[in-house]
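# Structural overview for review
The residues making up each chain are set out below.
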Amino acid sequence: MANMAVSRIKREFKEVMRSEEIVQCSIKIELVNDSWTELRGEIAGPPDTPYEGGKFVLEIKVPETYPFNPPKVRFITRIWHPNISSVTGAICLDILKDNWAAAMTLRTVLLSLQALLAAAEPDDPQDAVVAYQFKDKHELFLMTAKHWTNAYAGGPHTFPDCDSKIQRLKDMGIEEHDARAVLSKENWNLEKATECLFS
Amino acid sequence: MESDIEMELESDNDGEYDDDYDYYNTGEDCDVERLDPKRADPEYFEYDCLTVEDIEKLLNELVEKLNTILQITPSLAKVLLLEHQWNNTVVVEKYRQDANALLVTARIKPPTSSADAASTSAAAAAQLLKMGSSGYKAPPAVGGNANTPPYRSQMCPVCASSQLGDKFYSLACGHSFCKDCWTMYFETQIFQGISIQIGCMAPMCNVRVPEDLVLTLVTRPVMRDKYQQFAFKDYVKSHPELRFCPGPNCQIIVQSSEISAKRAICKVCRTGFCFKCGMDYHAPTDCQVIKKWLTKCADDSETANYISAHTKDCPKCHICIEKNGGCNHMQCFNCKHDFCWMCLGDWKTHGSEYYECSRYKDNPNIANESVHVQAREALKKYLHYYERWENHSKSLKLEQQTIERLRQRINTKVMNGSGTWIDWQYLFNAAGLLAKCRYTLQYTYPYAYYMEAGSRKNLFEYQQAQLEAEIENLSWKIERAETTDLGDLENQMDIAEKRRTTLLKDFFPVAV
Ligand SMILES: [Zn+2]
Ligand SMILES: [Zn+2]
Ligand SMILES: [Zn+2]
Ligand SMILES: [Zn+2]
Ligand SMILES: [Zn+2]
Ligand SMILES: [Zn+2]
């Protein structure tokens, strides 16, 4: 890997470690291997959002041409958000694409992702299904996002109604995550979810 | 294998139907039309085929002119011209009105903060315009005494290394980065095909990097060449009067001050294209409509696939007939029945003025039908036009093969002493004219498809039908060329071309 990329990542690693946010436990970063090409990030769900109380793990891949090209970042923790794919964790965020600038850092990226969790952009969606729910059935969106935060990121809110519907599908032999995904997509309409699974 | 004489004839023939050819422009055309080609020929188009060097010279002249007026570096002048369709007058006008705004919109300068007074920003703009490539370097500290070196050590935010100030470069935004970082950054951008759009490395800063800084710092010849090639492409694309020839590997750039959907033919590779949109020439249809049509055809290619059959059954004796010529007037080899390949109707009715094969008959009661019926009707309508569009395109190719066969037959005749190549030349003229007419006819179908029903559409389809009938007559006569009377053929050519120009004059939307 190019020298510049390594030296930059090393320095940024230190920057994040020393940052104020790490003291407040709001962002975290750790190494995955010795080559500095892959890192693991973590952001806390921002307060007053459905993601509050959850910890979200990110996969960060550093290209050879870093910092002149952006790092490749993806959510490993499953999340229900209009700009993040509920299937792959792929992110739609301008600074990770055309608006990346070489003087940006991993800390900027993590903080921008945290800001994205606080302020979604449903008009520039990565996940069309989620974006539709966000715009059209916002209450249902908030519940689904909180439920996913609880199920995958350790968030505090539980929804017994959701759990029992998932259980019904599990009883029919459906995997728990598949059941949750299809119910979320069908606005927690059990009948429609069943139809979608078995037709 | 073609002999030399054939090659020569072929190239002659090519030239014959260029814009200045006026074979058909005789007889009843009045004198005014003859004097003014713009009025006589709806497809008349003036343009030049220029080389890369010609264009470089042309652009450089514009840059130099702006340099002299505004006293700015060539690379800033290029940015300003690029952003204003290479219109010097507009740039100078905008500069005189509000230099600051001009520089901000061209991304030479960052947006001015509200604290900046308009007068000082204009002064700053004036100063900025004078800066050369040395202007990207920070000036040495002023007022320092003998103990302080002229440059202090500074930290580069990209590579995080500490270096002396003279290793740093910045744009008008003041964001300063070390030389190595800028260079590496430029090379990564150039590698991705980005040239004049390269921006500052600072977050949220959209100030553009001018050409001179890139070329000062990037020294690898491969990278410099790439940068200049990409930049040249962008300059040409931003100039409204210039078009790259779409021909494969052709370097020619076509220039015209008339920016319309007329046909330009590259003088080097002979590729013809629509000057406005760069696609295949498409008169009488306009650029948006042809784009819509081609997209639709690509989207619906599966539905339309079944029509591409080369065989149909004779409507009378039901024997299977293969189409191997371009003419749509078919004669069954078995029962000698004359019929139309498109609609399978009797050919006799096609010759009369009731010829309606090209016209699609709308269901008059369609508004009251169910959604299902309407959808089927819409598909039927599309297929009607698509089938004819596709069929004429195929006919064009088949007629090309007919000409080849004709060439061989004539070759044999000439060898046997029956006439000379000159005697047979008229046949190739006829074939060239046929191709030209059928090409226009093919492009009348997308036009008709998107036309709203009404008297204008009726007129269009009437003229289209007339053109189609004459084209098929011409094709029929050419296929039987050796037995057709010369005067008869020439008469048919004249009629077909008149029908074509009439239709274009009435419906080709670019008429001046
Ligand atoms: Zn640097
Ligand atoms: Zn900047
Ligand atoms: Zn060409
Ligand atoms: Zn066009
Ligand atoms: Zn027959
Ligand atoms: Zn017909």
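Residues numbered from 1 in each chain as written. Chains lettered and ligands numbered in written order. Predicted model: local features only at pLDDT ≥ 70, side-chain atom pairs only at ≥ 80, totals over all residues. Heavy atoms only, no water.

## Some words on the overall build of chain B
Per the secondary structure count, chain B includes 17 helices and 13 strands. Counting the 512 residues in chain B, one finds 47% classified as buried. Pairs at least 24 residues apart make up 59% of the contacts formed inside chain B by residues separated by at least 6 positions. Accessible area for chain B stands at about 26200 Å²; split by element, carbon and sulfur atoms hold 52% of it. (Helix = DSSP H or I, 4+ residues; strand = E, 2+ residues; numbered from the N terminus. Buried < 20%, exposed > 50% of the residue type's maximum accessible area, 1.4 Å probe, protein only. Contact = heavy atoms within 4.5 Å. Areas by Shrake-Rupley, 256 points an atom, 1.4 Å probe, with all protein chains shown as cover.)

## What about the UniProt feature "domain: UBA" (unreviewed entry) in chain A?
Here, the residues flagged by UniProt with the feature "domain: UBA" (unreviewed entry) are residues 161-199 of chain A. Secondary structure within residues 161-199 of chain A divides into 77% helix and 0% strand; the distance between the first and last C-alpha atoms comes to 24 Å. (UniProt positions renumbered as here; feature names shortened; annotations may be inferred.)

## A look at the domain arrangement of chain A
All names here are of chain A. Once the domains are mapped, chain A shows domain 1 (3-118) and domain 2 (128-198). Computed from C-alpha coordinates alone, the two centres of domain 1 and domain 2 are separated by 27 Å. Taken together, the 14 residues of domain 1 in the interface contact 20 residues of domain 2. For the pair domain 1 and domain 2, the summed buried area comes to about 1400 Å², and 74% of that belongs to carbon and sulfur atoms. For the pair domain 1 and domain 2, the interface holds 0 salt bridges. Taken together, the connections running from domain 1 to domain 2 amount to 4 residue pairs in polar contact (both at pLDDT 80 or more). A class-by-class count of the residues in the side of domain 1 that touches domain 2 yields 6 nonpolar, 5 polar and 3 charged. (Domains from an automatic or database assignment. Buried area = accessible area lost by both parts, 1.4 Å probe. Salt bridge = Lys/Arg side-chain N within 4 Å of Asp/Glu carboxyl O. Polar contact = N/O pair within 3.5 Å; in protein donor to acceptor, adjacent residues only side chain to side chain. Nonpolar A, V, L, I, M, F, W, Y, C, P; charged D, E, K, R; others polar.)

## A closer look at helix α10 (residues 221-238) of chain B
Residues and elements named next belong to chain B. Relative to the 26 Å expected for 18 residues at 1.5 Å per residue, α10 spans 26 Å between its end C-alpha atoms, a close match to the ideal helical length. Where α10 is concerned, the buried positions are Met223, Tyr227, Ala231, Phe232, Tyr235, Val236 and Ser238. Looking at the buried side of α10, the elements it contacts are α4 (52-70), α5 (74-83), α8 (179-191), α9 (211-217), β6 (242-244) and β7 (253-255). (Expected span 1.5 Å × (residues − 1).)

## Some points on the pairing of strand β3 (residues 55-61) of chain A
All names here are of chain A. Bridge count for strand β2 (residues 38-44) against β3 is 7 bridges, and the pairing is antiparallel. Counterpart to isoleucine 43 in the pairing with β3 is phenylalanine 56. Sheet topology places β3 next to strand β4 (residues 72-75); 4 bridges connect them, and they run antiparallel. In the sheet register, isoleucine 60 faces β4, and the bridge partner there is valine 73. (Pairing = 2+ DSSP bridges.)

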